[in-house]
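Examining the three-dimensional arrangement
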Amino acid sequence: SSGINAEYGGLGIGTIVHICSTASGGNVNPAVSIALLLDARISVIRALLYIIFQFAGGFAGAGVLYGLGNHQNITVDIAGANSYDPDMLNGAQAFFLEAFGTMFLVLTILASIQEKRKDTKSYMTPLAIGISILIMHIFLIPYTNCAINPVRGTVWNIITGIATDQFWVFLFGPIVGGIVAVPMFNIIFA
């Protein structure tokens with residue numbers, strides 16, 4: 001069910017961010033890594049390494065899951081695949097939704113790690129991130145299955161052989177959303 005997927009998606013990613021926070025600052029999303037690079041919070045080299053390892057981890061994880069499953073009749077509707085119904089949305093609308101969802105996530109992250117706050121090193125940061133992902137899953141799953149992460153939006157579709165011309169929405173929509181969030185945060189919210 002969409003509700004269960006949303007709960008596990010948001011809370012699961014919040015937990016992963018917490019687990020990885022010491023090693024990588026919790027960077028598990030290339031769109032977030034690009035945003036942090038643009039906000040001068042990580043170096044170009046670090047951003048590139050994060051992105052390489054994020055995609056490598058995505059392919060490794062998707063490969064393991066694919067290897068464990070019975071996938072003779074894979075369709076675009078399989079759990080985890082990102083797509084949109086062209087009868088409901090066009091490509092520009094799906095792109096906007098993915099960009100908006102990622103922008104919301106990156107704004108949450110930038111607000112949560114802002115140095116002006118006294119609580120930036122607390123357990124509230126991964127919780128806030130997880131809740132923002134939960135909210136976006138509730139909102140976006142019916143439309144795009146909520147990627148808001150270029151790895152999540154593309155890797156499973158590639159591994160399963162069901163990548164379509166919609167692939168570009170899920171690769172670039174989140175990246176654009178992350179890029180837009182940085183000046184928006186610094187101009188409006190910082």
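All residue numbers refer to position in the chain's written sequence, counted from 1. Thresholds applied to this predicted model are a pLDDT of at least 70 for local features of residues and 80 or more for the giving and counting of side-chain atom pairs; totals over whole chains, interfaces and linings are not thresholded and use all residues. Side-chain metrics in this entry use all non-hydrogen atoms of the structure; hydrogen atoms and water are not considered.

1. A word on the nonpolar core
Counted only if it meets this: The criterion is simple. A nonpolar core is a set of buried Ala, Val, Leu, Ile, Met, Phe, Trp, Tyr and Cys residues joined through side-chain atoms within 4.5 Å. The buried label applies to any residue whose accessible area, calculated with a 1.4 Å probe on protein chains only, is under 20% of its type's maximum; exposed applies above 50%, and partly exposed to all values in between. Per the convention used, a helix needs a DSSP run of H or I reaching at least four residues, while a strand needs a run of E reaching at least two, with both numbered from the N terminus. The contact criterion used is simple: two residues touch if any of their non-hydrogen atoms lie within 4.5 Å.
Membership of the largest hydrophobic core comes to 31 residues, with the highest contact counts inside it found for Leu105 and Ile148. Mapped by element, the contributors of at least two residues to this core are helix 2 (30-38), helix 3 (44-68), helix 4 (91-112), helix 5 (124-144) and helix 7 (167-189). The greatest single-element share of this core, amounting to 9 residues, is contributed by helix 4. Excluding anything up to four places from it in sequence, Ile148 contacts Asn29, Glu98, Gly101, Thr102, Leu105, Ile133, Met136, Leu140 and Pro174. Val151, Val155, Trp156 and Ile162 belong to the second largest nonpolar core, which has 6 residues in total.

2. A short note on the pattern of salt bridges
To be explicit about the condition: The salt bridge definition used is simple: a Lys or Arg side-chain nitrogen within 4 Å of an Asp or Glu carboxyl oxygen.
For the coordinates displayed, the defined rule picks out 2 salt bridges. Here Arg41 and Asp39 are joined by a salt bridge, their closest N and O atoms 2.6 Å apart. Classification of Arg41 as partly exposed rests on a relative accessible area of 28%. Looking at Asp39, the relative accessible area reads 14%, which means it is buried. Among the salt bridges present, the one from Glu115 reaches Arg41, with a minimum N-O distance of 2.9 Å. Here Glu115 is found in the loop between helix 4 and helix 5, whereas its partner Arg41 is found in the loop between helix 2 and helix 3, with 74 residues between them in sequence. A network of salt bridges, in which partner residues are shared, links Asp39, Arg41 and Glu115.

3. So, helix 5
Selection rule: Take the residue count of a helix, subtract one, and multiply by 1.5 Å to get its expected span. Think of it this way: the bend at a residue is just the angle between two axes, each fitted to seven residues, one set ending at that residue and the other starting at it.
In a regular helix each residue adds 1.5 Å, so 21 residues correspond to 30 Å; helix 5 covers 28 Å between its end C-alpha atoms and thus fits that length. At Ile138, helix 5 shows its strongest bend, of approximately 40°, with the proline Pro142 following within four residues. Buried within helix 5 are the following residues: Thr125, Pro126, Ile129, Gly130, Ser132, Ile133, Leu134, Met136, His137, Leu140, Ile141 and Thr144. Just downstream of helix 5 lies Asn145, where phi reads positive at about 70°.

4. Points about a nonpolar patch on the surface
Test applied: Here, patches come from residues exposed beyond 30% relative accessible area and free of salt bridges, joined within 9 Å for like charges and within 5 Å for nonpolar side chains (Val, Leu, Ile, Met, Phe, Trp, Tyr). Values of accessible area rely on a 1.4 Å probe in the Shrake-Rupley scheme; residue burial ignores everything except the protein chains shown.
Residues Val44, Ile45, Leu48, Leu49, Ile52 and Phe53 make up a contiguous nonpolar surface patch of about 620 Å² in total accessible area. Position of Val44 relative to the elements: it lies in helix 3.

5. Brief notes about unusual backbone geometry
Of note in the backbone geometry, Cys146 takes a positive phi value of approximately 55° without being a glycine. Residue position: Cys146 is located in the loop between helix 5 and helix 6 (150-159). Exposure remark for Cys146: the relative accessible area of 0% places this residue in the buried category.

6. Considerations on the environment of Pro150
Position of Pro150 relative to the elements: it lies in helix 6. We classify Pro150 as buried; its relative accessible area is 0%. The spatial distance from the C-alpha of Pro150 to the C-alpha of Gly58 is 9.9 Å, given a sequence separation of 92 residues.

7. Description of the packing of aromatic side chains
As a reminder, the rule being used: Stacked, edge-to-face and tilted are the three classes for Phe, Tyr and Trp ring pairs, Trp counted by its six-membered ring, which pair at centre distances within 6.5 Å; planes under 30 degrees apart are stacked, over 60 edge-to-face, the rest tilted.
Inspection of every chain in the model, using the stated rule, returns 8 aromatic pairs. Note on Phe100 and Phe139: the rings are 6.4 Å apart at their centroids and 70° apart in plane angle, and the pair reads as edge-to-face. One end of the pair, Phe100, is in helix 4; the other, Phe139, is in helix 5, with 39 residues separating them in the sequence. Classification of Phe139 by relative accessible area gives partly exposed; the value is 36%. Among the aromatic residues, those joined into a ring-pair cluster are Phe96, Phe100, Phe139 and Tyr143.

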